[in-house]
Amino acid sequence: MSEELGILIGVTKPDQVTFESRRPVSIGEYVILNYGIDKVLGLVEKSSISSDALGSSIRNYEEAFESKHVAAENRRDKSYKGYIRILGYVAELKKCKAILPALPPEPGTEVYEASVKDLDAIFAPSGQQWVMIGTLLRNTGVGARVDINKVVSRHLAVLAMTGMGKSNLVSLLAKEIARISGTMVIFDYHDDYSTLDMGSNNINLLDGRINPRLLSADKLAEVIEIQENASNQMHVLRLAFTEDVKQRKGEDFWDALIHAASEVGADKLYREAAAKVVDKIDDARRKFHTILDPSMTDPLALLKNYKINIINLVELTERQANIAVSFYLEELLDDRKKATRQNKGAAKSQPRFPAPILVAIEEAHVFIPKDEDTDTKYFASKVAREGRKFGLGLVIVSQRPRGIDANILSQMGSLAVMRMIQQDDQMHISAASEALSRDLIDQLTSLNPGEAIFAGQWVNLPTFVKVDEVKERKIGGDQKAVEQWSQLAALKQQAAKESSESYIPSGYIQD
Amino acid sequence: MLKEVFLGALRNKDVKISKIKDSNFHKILAEASSRWISYESVPEICESAGIDSSWNRRAFQGLQLYVIDAVAVTSTNKILALEWEEDIAGSARSELLESRAMVMEASVAQKAAGKADNICLDGSLVSRLTKSKPEAASEIVKKCTSCIFISKTSESRLQFGPMGSKAGDIYYYGHTSKEAGFSIPVETQFCHAPLFEVYARLRDHTPVIRIEIMSNATEQEVKSTLNKLRYHSVGGYPYCLKLAHNTCKITNEDIDRLASIYGLQNEQGARDALNE
Ligand SMILES: Nc1ncnc2c1ncn2[C@@H]1O[C@H](COP(=O)(O)OP(=O)(O)OP(=O)(O)O)[C@@H](O)[C@H]1O
Ligand SMILES: [Mg+2]
């Protein structure tokens, strides 16, 4: 048994007790109590230190100063109190069940520091599905593992203010999934992941591109930026975007589309609209030639099994990105349905992805917004509901939780929440998920970058975690402006010196 | 309370205060001032012990459960001596308990003697023993000769009573100035032993305390005593006395717990316990 830490005092309750400690205790520390039928785990939720001499009766600074000295020499002066939340029997927690003894512990019950062995069994269980993410925040000797099976089957939301380590966590998950040869797709809206280096060739980087031929007329209108309310232009595009045009490949497709649109313009009623549509097509063709690619084969074919597929969306507009993401989600879900049916011996064609996939969407408040219907939102909600059956997991990442659709947020079985100070963000999360208690949410403001609360199905217990930093990630950190400016200035000065030196006639002696 | 009382006080405060602060008041202040020796004490590292006692009782249908205890404790919380007494009796008058407590303090003082550089008792020897029988009092005095008695408040009119003072002497010393210092020691007799009375302020702007010293007290000796008291003092009051008070204090809760040990807590009785 580890060191005795303190003794229960005051009124005890089945789920909450107070103890007098021999040393100050930190919030988030785990403790063990022996009562009921076995060892019980508790979490220190509040901690206080008080001094007899430095009590609230002090009336002025002088008294405080004098009391400080007498307090320092009185070994019985300080009281260290810890407030424990009882979490349940250790043996049951290992099985992910929180069972509390029905009777409260007796005052006088001894409190012990939880041993690394006990904590490991709960927070870092063995088994291939448990991957290492970091350490417990207050017991850094204990590893923190998460159940990847639960992430894929029940989804995950990663929520925090900007710069608190969301992308770092997703990178870490990606790294661990690569290690176990899993398949993952990350939609990278800010080019956060392209520098992710995993040593071996586990990464498949690709640019987000859209094949206009595979779109519906409405979506094509969106990507070439025809206004939604321009009904004549929409009409022209619908007429022009014929099956015949859709069959053309490469540049031929654009030519044919322009041709068809001008033909619609033969009707006097639509002449003006047709001219505008032709302009828009022309514009889009030039402006977005890296994105809109009519010669592209099936985009799904570019994704690779057993790799981390990173789809770079940096160059896409918000609408284009939305269409790209929704397209992939729809196709991936279809493919996984096919694969599942095939396993049951019912599929007609071969699926591309025979094993489950985890999809991560950054900037989820943009793609899955609260009060707007987007394509991505539609398919994300399908995946959230049906993914479990078909092995398609969703990770949504956002620095603006209050902007995310509550319905989808509530389907996320697991949560990783880092520092968050906005009240309405906190409220939105607590309303959408019962995994995070009010008490835990109150702790969010005190977290530092890289520190997180993990809750929900991917952990045995809500846990404070210090997430490992993925050192290989180069972008994502704040740019250091002053440093870079002075570097640049130094370079410029050197260049100026060199160029002025060239004016100095040779043989001229500087003093 | 009736709000009229406050209103009346507001209306009459000047008249009432002027009864105390009459012309005599300023004469006495001037006298107090002339007896005051300005002195900023220098903390002298030492071990001071405080002695205090406490008693409480609870009545149960004609029975009295009572407790008396006394302790000597240093300012670093080292207990030098302790005594206690608890019993259930047919009667336990408060005067009796009070005097028993004093006897106990004296006995604790005797045990603690020599174990600390400086032993302080709470209160005034004189005022605590005035009602005792002479033999009992001198018995106590004998045990406390090396102790000093310190009180935060006092009714003694030894010094300014002859001038027709209305308040206790401590009041006038408190009003002369706010600076650290002490009054010229005044010698009296108590139980045929010499006793010196000194008013002192350990630091500027702290309250005046009254000190009784049972041995000879020259100015130099008073200064040395003040230096020792100054070390480990809080707000101009020795911390050991505060600790002693807190250590021995018998609260109502304590006496209830004790009653529960005797199985008395369910009895109906007059609940006339005293302390908070
Ligand atoms: N686990 C960690 N340990 C230490 N530092 C970290 C950790 N996670 C993140 N950081 C630091 O915080 C910086 C920002 O991290 P990251 O890019 O993951 O934040 P983010 O939440 O994704 O921000 P944004 O909202 O801008 O996307 C990193 O560059 C790194 O310096
Ligand atoms: Mg990020």
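Residues numbered from 1 in each chain as written. Chains lettered and ligands numbered in written order. Predicted model: local features only at pLDDT ≥ 70, side-chain atom pairs only at ≥ 80, totals over all residues. Heavy atoms only, no water.

### With respect to the overall build of chain A
Thinking step 1. Of regular secondary structure, chain A possesses 17 helices and 17 strands.
Thinking step 2. Taking 2.2 N^0.38 as the reference for a compact globule, 511 residues should give roughly 24 Å; the C-alpha atoms of chain A span a radius of gyration of 30 Å, well beyond that estimate.
Thinking step 3. With respect to the three principal axes, the spread of C-alpha positions in chain A is 95 × 90 × 45 Å.
Thinking step 4. In chain A, which comprises 511 residues, the proportion classed as buried is 50%.
Thinking step 5. For chain A, the proportion of contacts with a sequence separation of at least 24, taken over those separated by at least 6, is 72%.
Thinking step 6. Charged side chains of chain A number 64 positive and 71 negative; the gap between the two group centres comes to 5 Å. (Helix = DSSP H or I, 4+ residues; strand = E, 2+ residues; numbered from the N terminus. Rg over C-alpha atoms; globule rule 2.2 N^0.38 Å. Buried < 20%, exposed > 50% of the residue type's maximum accessible area, 1.4 Å probe, protein only. Contact = heavy atoms within 4.5 Å. Lys, Arg positive; Asp, Glu negative; His and termini not counted. Charge placed at Lys NZ, Arg CZ, Asp CG, Glu CD.)

### Some details on the nonpolar core
Residues and elements named next belong to chain A.
Thinking step 1. Ranked by size, the top nonpolar core spans 85 residues in total, and within it L313, V359 and I396 carry the most contacts.
Thinking step 2. Inspection of this core shows a minimum of three residues originating in each of domain 2 (130-209 + 297-467) and domain 3 (212-287).
Thinking step 3. Not counting chain neighbours up to four residues away, the residues in contact with V359 comprise V185, F187, L329, L332, L392, G393, L394 and V395.
Thinking step 4. One finds L93, L119, L172 and F454 within the second-largest nonpolar core, a separate group that totals 52 residues. (Core = buried A, V, L, I, M, F, W, Y, C linked by side-chain atoms within 4.5 Å. Domains from an automatic or database assignment.)

### A short note on the site of ligand 1
Residue and element names in this part refer to chain A.
Thinking step 1. Close contacts around ligand 1 come from 16 residues, with T162, K166, S167, N168 and V467 the closest.
Thinking step 2. In the environment of ligand 1, an oxygen atom lies 3.3 Å from a nitrogen or oxygen atom belonging to the backbone of M164.
Thinking step 3. Contacts to ligand 1 include V467, whose backbone N or O atom sits 2.6 Å from a nitrogen atom.
Thinking step 4. Alone, ligand 1 offers 630 Å² of accessible surface; in the complex the protein occludes 81% of this.
Thinking step 5. Listing elements by their share of the shell around ligand 1, those giving two or more residues are α5 (166-179) and β17 (463-467).
Thinking step 6. No other element matches α5, which puts three residues into the shell around ligand 1.
Thinking step 7. Looking at side-chain class alone, the shell around ligand 1 contains three nonpolar, eight polar and five charged residues. (Near = heavy atom within 4 Å. Polar contact = N/O pair within 3.5 Å; in protein donor to acceptor, adjacent residues only side chain to side chain. Areas by Shrake-Rupley, 256 points an atom, 1.4 Å probe, with all protein chains shown as cover. Nonpolar A, V, L, I, M, F, W, Y, C, P; charged D, E, K, R; others polar.)

### Structural notes on unusual backbone geometry
All names here are of chain A.
Thinking step 1. You will see that H155, though not glycine, has its phi angle at about 70°, which is positive.
Thinking step 2. Residue placement: H155 occurs in the loop between α4 (148-154) and β9 (156-159).
Thinking step 3. Given the relative accessible area of 1%, H155 is considered buried.

### A short note on empty space enclosed by the protein
Residue and element names in this part refer to chain A.
Thinking step 1. For the structure shown, the criterion picks out two cavities of 30 Å³ or more.
Thinking step 2. By volume, the largest cavity amounts to about 70 Å³.
Thinking step 3. Surrounding the largest cavity, R209, I210, N211, L214, L215, P299, I323, A324, F327 and Y328 form its lining.
Thinking step 4. Residues belonging to the lining of the largest cavity are distributed by class as follows: eight nonpolar, one polar and one charged.
Thinking step 5. Put simply, the second largest cavity is a space of about 50 Å³.
Thinking step 6. Surrounding the second largest cavity, I122, F123, W130, A144, R145, V146, F454, V459, N460, L461, T463 and V465 form its lining.
Thinking step 7. Only α3 (116-123), β8 (143-147) and β17 provide two or more residues apiece to the lining of the second largest cavity. (1 Å grid on protein atoms, 1.4 Å probe; cavity = no way out; pocket = protein on both sides within 12 Å on 5 of 7 lines; lining within 4 Å. Points joined across faces, edges and corners; volume = space filled by probe spheres on them.)

### Examining the sheet that holds strand β13 (residues 357-361) of chain A
All names here are of chain A.
Thinking step 1. An order of β8-β7-β17-β16-β15-β9-β14-β13-β10-β12-β11 is seen for the eleven strands of this open sheet, with the pairing classed as mixed. Both outer strands of the open sheet, β8 and β11 (203-207), are each paired with one neighbouring strand and no more. Strand-to-strand twist in this sheet, taken as the mean axis angle between neighbours without regard to direction, amounts to 30°.
Thinking step 2. Pairing of strand β7 (residues 130-136) with β17 involves three bridges; the strand directions are antiparallel. Each residue of the ladder has a partner; that of G134, found in β17, is V467.
Thinking step 3. In this fold α3 packs onto β7, β8 and β17, with an angle of close to 20° to the strand it touches most, β8.
Thinking step 4. Where helix α13 (residues 375-390) meets the sheet, it contacts β13 and β14 (392-398), and its direction lies at approximately 135° from that of β14. (Pairing = 2+ DSSP bridges. Axes fitted to C-alpha atoms, helices over the stretch in contact; angles between N-to-C directions.)

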